[in-house]
Amino acid sequence: MTRFWWVRHGPTHARGLCGWTDLPADLSDTALLARLRACLPAAPVISSDLVRAAETADAISGARPRLPHDADLREMNFGRWEGLAFDAPEAAGLRTFYDGPGTRRAPGGESWNDLADRTGAAVERLLRTGAPDIVCVAHMGPILTQLQRALGLGAYDTLGHRIDPLSVTRIVHETGAWRAEAINHLP
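Computed from a prediction, not measured in an experiment: that's the story for all the values here.

Asker: Lay out the pattern of salt bridges in plain terms, naming residues and giving numbers.
Answerer: Under the definition given, this model contains 12 salt bridges. Residue Asp58 pairs with Arg66 through a salt bridge whose shortest N-O separation is 3.0 Å. Among the salt bridges present, the one from Glu181 reaches Arg170, with a minimum N-O distance of 2.8 Å. Within this pair, whereas Glu181 is found in strand 5 (residues 177-185), its partner Arg170 is found in strand 4 (residues 168-174), the two being separated by 11 residues in sequence. Among the charged side chains, a network of salt bridges with common partners joins Arg170, Glu174, Arg179 and Glu181.

Asker: Which residues make up the environment of His161, and what values go with them?
Answerer: Checked against the element boundaries, His161 lands in the loop between helix 6 (155-158) and strand 4. Between the C-alpha atoms of His161 and Glu181, which are 20 residues apart in sequence, the distance is 14 Å. With residues up to four places along the chain from it excluded, the contact list for His161 reads Leu144, Leu147, Leu151, Leu153 and Ile183.

Asker: Can you break down helix 4 (residues 112-127) residue by residue, with the values?
Answerer: The end-to-end C-alpha separation of helix 4 is 22 Å, in line with the 22 Å expected for 16 residues at 1.5 Å each. Among all positions of helix 4, only Trp112, Leu115, Ala116, Arg118, Thr119, Gly120, Ala122, Val123, Leu126 and Leu127 are buried. The N-capping residue of helix 4, defined by a side-chain oxygen 3.3 Å from the backbone nitrogen of Asn113, is Ser111.

Asker: Can you lay out unusual backbone geometry for me, pointing to particular residues and giving the numbers?
Answerer: Positive phi values are uncommon outside glycine, yet Leu166 reaches one of about 65°. Counting through the fold element by element, Leu166 comes out in the loop between helix 6 and strand 4.

Asker: Which residues make up the environment of Ala71, and what values do they have?
Answerer: Relative to the assigned elements, Ala71 resides in the loop between helix 2 (51-61) and helix 3 (94-99). Relative accessible area serves as the criterion here: at 37%, Ala71 is assigned to the partly exposed category. On a C-alpha basis, the gap between Ala71 and Ala122 in space is 8.8 Å, while along the polypeptide they are 51 residues apart. Ignoring anything within four residues of it in the chain, the contact list for Ala71 reads Asp49 and Arg118.

Asker: Break down the pairing of strand 4 for me, citing the residues and quoting the values.
Answerer: Where burial is concerned, most of strand 4 is hidden: six out of the seven residues are buried. In this sheet, strand 4 lies alongside strand 1 (residues 2-8) in antiparallel orientation, the contact comprising six bridges. The partner of Arg3 across the bridge, within strand 4, is Val172. Relative to strand 5, strand 4 runs antiparallel, the two sharing six bridges. Of the residues in strand 5, the one forming a bridge with Val172 is Arg179. Hairpin connection of strand 4 to strand 5: two residues between the antiparallel strands, including Thr175 at a positive phi of 45°.

Cut-offs applied
Residues numbered from 1 in each chain as written. Predicted model: local features only at pLDDT ≥ 70, side-chain atom pairs only at ≥ 80, totals over all residues. Heavy atoms only, no water. Salt bridge = Lys/Arg side-chain N within 4 Å of Asp/Glu carboxyl O. Helix = DSSP H or I, 4+ residues; strand = E, 2+ residues; numbered from the N terminus. Contact = heavy atoms within 4.5 Å. Expected span 1.5 Å × (residues − 1). Buried < 20%, exposed > 50% of the residue type's maximum accessible area, 1.4 Å probe, protein only. Polar contact = N/O pair within 3.5 Å; in protein donor to acceptor, adjacent residues only side chain to side chain. Pairing = 2+ DSSP bridges.

Pasting the structure below:
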């Protein structure tokens, strides 16, 4: 059995789509970070290579071993939509993209299925380590792809789940099956 403790990075306060844009996290809520550190197992910590996830992982790792960053845990690549507000005229098609996620790609970016495949490959590598617990500091998109996997939902229904900054979503892999034990838990 392997338990994945998915932690969403600290808030960025970005007003637009923040996929591969490398923004720092606001880690000023030291009380919340302390509670988060205390609720996590003494397990290896891995993060996306984007600074907001890497800084969050450093802030919560404490004495836990840090694994090398993994670019496959990055947020979705929104291509030409990076930085745009959801309702910006330049983001024409964004509503359709979210109303029918799956194979539709962001212009110059990736699709929901691309994100799920990329994140899934990282998770499969982590499963091969044999660690009973792994703390993964990532982004809303990658966390949601694994929640989709655990709940057996379609992409559209999965996107209805909330994943707050500095929340924990615990997903378990046991004997080839996936299940969610906690979703968007705030310590």
